[in-house]
Structure formats: structure tokens, C-alpha cells
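Working through the structure, step by step
Residue strings, one per chain:
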Amino acid sequence: SRAGILNWYCEWCLEPLAEALGISEEDAEFAVAMLQQPDVAALLQRGQRGLDIVFARYSMSGPGQQEPYKKGYWTQQSMRKFATESDLSAELSHPCLQRVFTDCVQYECSEGRMGLDGRMSSNAFRLALVVIAMKVHGSPSETPVVRVALLMLRLSICRGASDLGVAARRVLGSSRGLM
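None of the values given here were measured: they were computed from a predicted structure.

**Thoughts on the pattern of salt bridges**
A side chain with one charge can pair with a side chain of the opposite charge if their charged atoms come near. Going through the model one piece at a time under the given rule, you end up with five salt bridges. Here Glu85 makes a salt bridge to Arg57, at a shortest N to O gap of 3.4 Å. Here Glu85 is found in helix 5 (residues 76-85), whereas its partner Arg57 is found in helix 4 (residues 48-57), with 28 residues between them in sequence. On the accessibility criterion, Glu85 (39% relative accessible area) is partly exposed. Look at Arg57 and you get partly exposed, because its relative accessible area is 47%. The partner of Glu91 in a salt bridge is Arg154, with the nearest N and O atoms 2.4 Å apart.

**A few points about unusual backbone geometry**
The backbone of Asp87 sits at a positive phi, close to 60°, despite the residue not being glycine. When you line up the elements, Asp87 lands in the loop between helix 5 and helix 6 (94-110).

**As for the packing of aromatic side chains**
Within this structure, the stated rule accounts for seven aromatic pairs. With centroids separated by 5.8 Å and ring planes inclined at 80°, the aromatic side chains of Tyr58 and Trp74 adopt a geometry described as edge-to-face. On the criterion of sequence distance, the pair formed by Tyr58 in the loop between helix 4 and helix 5 and Trp74 in the loop between helix 4 and helix 5 is long-range, its members being 16 residues apart. Given a relative accessible area of 6%, Tyr58 falls into the buried group.

**Side note on the confidence of the model for the protein**
In this model, the protein carries an average pLDDT of 81, and 75% of its residues clear a pLDDT of 70 or more. Across the protein, helix 3 (residues 38-46) holds the top mean pLDDT of 94, while helix 1 (residues 2-20) sits lowest at 62.

**What about the environment of Leu172?**
Inspection of the secondary structure puts Leu172 in helix 9 (residues 162-175). With a relative accessible area of 8%, Leu172 lands in the buried category. For the pair formed by Leu172 and Arg147, sequence separation is 25 residues and the distance between their alpha carbons is 9.4 Å. Apart from residues lying up to four places away in sequence, Leu172 is in contact with Val146, Ala149, Leu150 and Leu153.

**Some words on the nonpolar core**
One finds Trp74, Met79, Phe82, Met120, Ile132 and Val148 to be the most contacted residues of the largest nonpolar core, which totals 50 residues. Secondary structure elements with two or more residues in this core: helix 2 (27-35), helix 3, helix 4, helix 5, helix 6, helix 7 (122-136), helix 8 (144-155) and helix 9. With eleven residues, helix 7 is the single largest residue contributor to this core. Apart from residues lying up to four places away in sequence, Ile132 is in contact with Met79, Phe82, Leu88, Leu92, Leu97, Val100, His137 and Leu151.

**Looking at the packing of helix 7 against helix 8**
Where helix 7 contacts helix 8, the axes come no closer than 8 Å and their chain directions differ by 100°. Judged by the inter-axis angle, helix 7 sits roughly perpendicular to helix 8. For the pair helix 7 and helix 8, the contacting residues are Leu129, Val130, Ile132, Ala133, Met134 and Val136 in the first and Pro144, Arg147, Val148, Leu151, Arg154 and Leu155 in the second. Per-class residue counts for the contact of helix 7 with helix 8 are ten nonpolar, no polar and two charged.

What counts as what
- Residues numbered from 1 in each chain as written.
- Predicted model: local features only at pLDDT ≥ 70, side-chain atom pairs only at ≥ 80, totals over all residues.
- Heavy atoms only, no water.
- Salt bridge = Lys/Arg side-chain N within 4 Å of Asp/Glu carboxyl O.
- Helix = DSSP H or I, 4+ residues; strand = E, 2+ residues; numbered from the N terminus.
- Buried < 20%, exposed > 50% of the residue type's maximum accessible area, 1.4 Å probe, protein only.
- Phe/Tyr/Trp six-rings, centres within 6.5 Å; stacked < 30°, edge-to-face > 60°.
- pLDDT = per-residue confidence, 0-100.
- Contact = heavy atoms within 4.5 Å.
- Core = buried A, V, L, I, M, F, W, Y, C linked by side-chain atoms within 4.5 Å.
- Axes fitted to C-alpha atoms, helices over the stretch in contact; angles between N-to-C directions.
- Parallel < 35°, antiparallel > 145°, perpendicular 65-115°, else oblique.
- Nonpolar A, V, L, I, M, F, W, Y, C, P; charged D, E, K, R; others polar.

Written out as C-alpha cells, the structure reads:
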């Protein structure tokens, strides 16, 4: 049947291709699980100020924004600019970054947090950072908290976000026995 052929094509061609391109429907759900790990949550909490600065740098905002957009929001264009200026676009394709953006925004919308399609809140941004960290620092030998710390270290060069480096080095030093 045509449905059987289409299913076979998806299983044998499109799913492996999507995986090779770093596109996965489970990315946002996996990132949510990572955000709930105490060490990852603590790392993000220690870098809260720096993350807010990075988010604000690319954020769009308007007067009287309601939750979850009180800190502003990102668009697809914000994500592209962030990736370009952070040299992430050299490691993640444009379609992959679009998928990260869309998945994180859709996750937030589906969770009843009053999210709007096409707008990424600061909470969805943190979710996206975890997804990006898992993709960019994908070595199976690295723990999720180390992957996030490596990305935060990279982002610490943003003006005013040096506390990201302090928080990241604390994790990286202890995970490698350097502290």
C-alpha cells in the first residue's frame, strides 16, 4: 500500500537523515529532563545574570509585555543572529537552529505557559541552550552538566556575561579534577 511505502521511506531514509542533521523531535523533551537535573539547574542558576544579559542582547520587546515575555522574546532572526555572533552557525546548520527554536517555542506553548508561536521566552531560551549544548558538545563521554558548562564558557565572552565563565569553570574544574 502507499501508506506502507511512505512509512518504510520515513523509517529507512528520512529518520536517519534527520538524525544525521541533528534534527530530532525529542530534543526539547530531553532538554526538559536535563534542566531538572540538580547539577544542571544549579549551574544555570549560578549563571542567571549572564544568561539574562545574553538573552537581552538579542531580545525583542515592547511596552507592557505579559508573562512569559516580561524579559522580552526572541524571534527566528534573534536565534540566527545569536548563532552567528557566537560562532554556533559553523557547527549547527540553519535548519537545525530553526528546529531548535521551533521545538522549544512549541514545547512552551504546549505546556500551557501562554506562549505565542514564533516568540521564544527567556525560559524557552534556557531550554534551547541545553539542546544546543547537547548538539555542539555531543561527546558521549561528557555529562550533560559539562556540555552545558562548555557552552556557557563559550558565551561568557559576551559583554557583561563573565559570570557564565565563572560558573562554567567551577563545573569544568571539578569535573576534570582541576579544582
